[in-house]
Amino acid sequence: MRIARFSIDGNVAFGAVEGESAPGAEGDLVLDIIKGIPYGDFELSGTKVPLSKVRLLPPVLPNKVVAIGRNYAEHAAELGNEVPDVPVAFFKPTTSVIGSGDAIEYPAFSNELHHEAELAVVIGRMCREVPRERVKDVIFGYTCANDATARDVQQREKQWARAKGFDTSCPLGPWVETDLDPADLTIQCTVNGEQRQLGRTSDMIRSIEDLVVHITEAMTLLPGDVILTGTPAGVGPLTVGDEVAVTIEGIGTLTNKVIKRG
């Protein structure tokens with residue numbers, strides 16, 4: 001099931017996306033409004049609205065976004081990095097999260113903004129110290145992400161907080177797909193329609209199970225929290241006016257335009 005979060009007439013709700021999501025067929029999509037929030041058991045209201053009549057929001061409002069760096073060997077190599085012995089984890093703040101259709105604001109303190117297409121894991125229940133065999137039980141679903149990065153700042157500063165945590169640096173969407181096998185999915189990124197990244201989740205160095213186990217050894221994850229699983233090779237620059245799109249097989253396309261901040 002595809003679960004979207006949206007606003008209409010000043011109200012915010014979750015809805016189940018119904019219809020085909022192929023390019024050119026977006027106008028056929030409708031949202032069946034969910035009663036309450038979608039974590040755990042929920043009911044559909046039967047009240048339906050066309051997707052074209054709503055504004056899509058970030059599909060979740062995470063308490064935290066835990067991102068993993070250098071989880072694809074070719075991406076590590078293209079930036080001159082070794083594959084790490086253990087997962088490299090960092091945080092993106094909630095203020096970095098935007099939805100599909102929202103603008104990425106080019107940070108004024110950077111001259112080298114890059115796109116990074118990623119599969120995002122959405123947590124569905126509070127969990128800590130999750131054993132490998134229970135990982136699937138704590139996952140709500142999956143969505144597309146763009147780990148927008150001020151590359152020059154990342155390379156200059158020892159910590160990645162500013163380079164990867166600036167406002168609007170974490171587009172998520174367009175919705176969460178709850179019924180999906182993430183083991184071998186195509187990940188693609190285009191800029192102004194030109195392909196920049198093309199990879200498969202099967203090329204991850206560490207699996208989603210590995211990442212959830214590793215992260216929850218240290219911290220409690222809450223419903224709606226997000227794990228970014230790393231990006232394949234092909235990252236590259238974005239400029240003001242660019243339209244960047246992340247497409248993941250079985251989920252859909254996350255699209256954002258780059259604008260000048262302020």
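The structure we're discussing is the one just above.
Residues numbered from 1 in each chain as written. Predicted model: local features only at pLDDT ≥ 70, side-chain atom pairs only at ≥ 80, totals over all residues. Heavy atoms only, no water.

K.L.:
Give a detailed account of the pattern of salt bridges, specifying residues and quantitative values.
P.N.:
Between side chains of opposite charge, a pair can form when the charged atoms approach closely. Applying the stated rule across the entire model yields 15 salt bridges. A salt bridge links Asp167 to Arg261, with the nearest nitrogen and oxygen atoms 3.9 Å apart. With a gap of 94 residues between them, Asp167 in the loop between helix H4 (161–165) and strand E14 (170–177) and Arg261 in the segment after strand E20 (252–260) connect regions that are remote in the sequence. You can call Arg261 partly exposed: its relative accessible area is 41%. Members of the salt-bridge network, linked through shared partners, are Lys92, Glu116, Asp147, Arg151 and Lys164. (Salt bridge = Lys/Arg side-chain N within 4 Å of Asp/Glu carboxyl O. Helix = DSSP H or I, 4+ residues; strand = E, 2+ residues; numbered from the N terminus. Buried < 20%, exposed > 50% of the residue type's maximum accessible area, 1.4 Å probe, protein only.)

K.L.:
Lay out the sheet that holds strand E13 (residues 149–150) in plain terms, naming residues and giving numbers.
P.N.:
A sheet is described by the order of its strands in space; here 3 strands give the open sequence E13-E10-E18, paired in antiparallel fashion. At either margin of the open sheet sits one strand with a lone partner, and together these are E13 and strand E18 (236–238). As judged from the 2 bridges shared by strand E10 (residues 113–115) and E13, these two strands associate in the antiparallel manner. Paired with Leu113 across the bridge in E13 is Ala150. (Pairing = 2+ DSSP bridges.)

K.L.:
Kindly report on the pairing of E20, identifying the contributing residues and their values.
P.N.:
As defined by bridge partners, strand E9 (residues 103–106) adjoins E20 across 4 bridges and the pair is classed as parallel. In the sheet register, Glu105 faces E20, and the bridge partner there is Ile259. Alignment of strand E19 (residues 243–248) against E20, held across 6 bridges, turns out to be antiparallel. The residue bridging Ala245 from the neighbouring strand is Thr255, located in E20. The antiparallel pairing of E19 with E20 creates a hairpin that spans 3 residues between the two strands, and Gly250 there sits at a positive phi of about 85°.

K.L.:
Which residues make up the environment of Asn192, and what values go with them?
P.N.:
Counting through the fold element by element, Asn192 comes out in the loop between strand E15 (186–191) and strand E16 (194–200). As a C-alpha pair, Asn192 and Glu243 span 51 residues in sequence and 5.1 Å in three-dimensional space. Excluding its chain neighbours within four sequence positions, the residues that come into contact with Asn192 are Gly241, Asp242 and Glu243. Within the structure, the side chain of Asn192 is placed 2.8 Å from the side chain of Asp242, a separation counted as a polar contact. (Contact = heavy atoms within 4.5 Å. Polar contact = N/O pair within 3.5 Å; in protein donor to acceptor, adjacent residues only side chain to side chain.)

K.L.:
I'd like a description of the nonpolar core, backed by residues and values.
P.N.:
Note on soluble globular proteins: their nonpolar side chains tend to be buried together. Counting 53 residues, the largest nonpolar core has Leu31, Leu113, Leu119, Tyr142, Ile248 and Ile251 as the members making the most contacts within it. Counting residues in hydrophobic clusters, the runner-up holds 20 residues, among them Ala16, Val65, Ala120 and Val226. (Core = buried A, V, L, I, M, F, W, Y, C linked by side-chain atoms within 4.5 Å.)

K.L.:
How would you explain the side chain of Lys64 if you had to name every residue and give the values?
P.N.:
With respect to the secondary-structure elements, Lys64 resides in the loop between strand E5 (55–56) and strand E6 (65–69). A distance of 3.5 Å separates polar atoms of two side chains, one belonging to Lys64 and the other to Asn63. A polar contact is formed between the side chain of Lys64 and the backbone oxygen of Thr220, at a distance of 2.8 Å. Excluding anything up to four places from it in sequence, Lys64 contacts Phe91, Thr94, Met219, Thr220, Leu221, Leu222, Asp225 and Val226.

K.L.:
Before we move on, can you summarise helix H5 (residues 208–216) with the specific residues and values?
P.N.:
Regarding H5, the residues found buried are Ile208, Leu211, Val212, Ile215 and Thr216. All buried residues of H5 lie within an arc of 110° about the axis, which places them on one face of the element. Buried residues in H5 make contact with E6, strand E11 (117–123), helix H2 (135–138), strand E12 (139–146) and strand E17 (226–228). (Arc of directions from axis to C-beta.)

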